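The chain contents come next:
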Amino acid sequence: MIDKNLTSSVICGHRELATSRGGGALDPRRAAVGSLTFLVRRAWLNMRSAIAGELTAFGLSTSQYATLLMTEAQPGMSASAIAREVASSRQAANEMLVGLEQEGLIERRPNPSDRRSHQIFVTESGRARLTDARKAVDRCEAELEASFTPKQRVAIREWLEGISRTRN
């Protein structure tokens, strides 16, 4: 059954998402269709799709963008730590890192405390690309959050941070 009170909106120029007319919340009966896990996953997939569309202009995937963000904030991360954070296998993370390295966006340096691993660092070129991409992602996220009040935004972020800490 199609809800006549729903409209489609284009988010970040890429993905249509259903919202209620007037920018309010969806009908609770419709939102209750899935479990909490399903709803969070669906929200993430919609956000990821919108952000991925923005990142193509910078030649980055969402995993590559996340890697640049993390390694800028935590210089010297290992490939294993990056793989865990972007939820991929170590092999997939290494392939992604090779691409970033070939583009000159990151560099690997031997880990002084573990000869078997390398530390990952963002290069100046990587920092410049990240700065530009971050502006586009910030605009996109602002569009995604536009229908929420500042109080709701704070509550959503606090909830997401709390859920993220629960299993770590």
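The rules we used
- Along each chain, the written sequence defines residue order, and numbers are assigned to residues from 1.
- The model is predicted, so local features are restricted to residues of pLDDT at least 70 and side-chain atom pairs to those at 80 or more, both for listing and for counting; the totals for chains, interfaces and linings are taken over all residues.
- In computing side-chain properties, one takes all heavy atoms of the structure into account and sets aside hydrogens as well as water.
- What counts as a helix is a DSSP run of H or I of at least four residues, what counts as a strand is a run of E of at least two, and both are numbered from the N terminus.
- Accessibility here uses a 1.4 Å probe with only protein chains present; expressed as a share of the type maximum, an area under 20% marks a residue as buried, one over 50% as exposed, and anything in between as partly exposed.
- The contact criterion used is simple: two residues touch if any of their non-hydrogen atoms lie within 4.5 Å.
- Surface exposure here means Shrake-Rupley accessible area, sampled with a 1.4 Å probe, where a residue is shielded only by the protein chains that are shown.
- Salt-bridge detection follows one rule: a side-chain nitrogen of Lys or Arg within 4 Å of a carboxyl oxygen of Asp or Glu.
- Every axis in this analysis is a line fitted to C-alpha atoms, fitted for helices over the stretch in contact. Angles between the N-to-C directions lie between 0 and 180 degrees.
- Convention used here: angles under 35 degrees read as roughly parallel, angles over 145 as roughly antiparallel, angles from 65 to 115 as roughly perpendicular, and any remaining angle as oblique.
- When residue character is reported, Ala, Val, Leu, Ile, Met, Phe, Trp, Tyr, Cys and Pro are called nonpolar, Asp, Glu, Lys and Arg charged, and the others, Gly included, polar.

Caption draft 1: The arrangement of the overall build of the chain in detail. When you go through the chain residue by residue, the secondary structure sums to 7 helices and 4 strands. Classification of the 168 residues of the chain by burial places 27% in the buried group. Looking at the chain alone, contacts between residues at least 24 apart form 44% of all its contacts between residues at least 6 apart. Surface accessibility of the chain: about 11,200 Å² in total, with carbon and sulfur atoms responsible for 54%.

Caption draft 2: Broad picture of the pattern of salt bridges. Overall, the coordinates contain 7 salt bridges when judged by the stated rule. Across the pair Arg-108 and Glu-101 runs a salt bridge, and its minimum N-O distance is 3.2 Å. Residue classification places Arg-108 among the partly exposed positions, given a relative accessible area of 23%. Glu-145 serves as the salt-bridge partner of Arg-157, at 2.9 Å between the closest nitrogen and oxygen. Pair noted here: Arg-157 is in helix α7 (residues 150-166) and Glu-145 is in helix α6 (residues 124-145), with a separation of 12 residues, a long-range link.

Caption draft 3: Quick peek at the packing of helix α3 (residues 62-73) against helix α5 (residues 90-102). One can describe the packing of α3 onto α5 by two numbers: an axis separation of 11 Å at closest approach and a directional angle of 75 degrees. Between α3 and α5, the angle falls in the class roughly perpendicular. Within the contact between the two elements, α3 uses Ser-63, Gln-64 and Thr-67 and α5 uses Met-96, Leu-97 and Leu-100. Its residues assigned to classes, the contact of α3 with α5 comprises 3 nonpolar, 3 polar and no charged.

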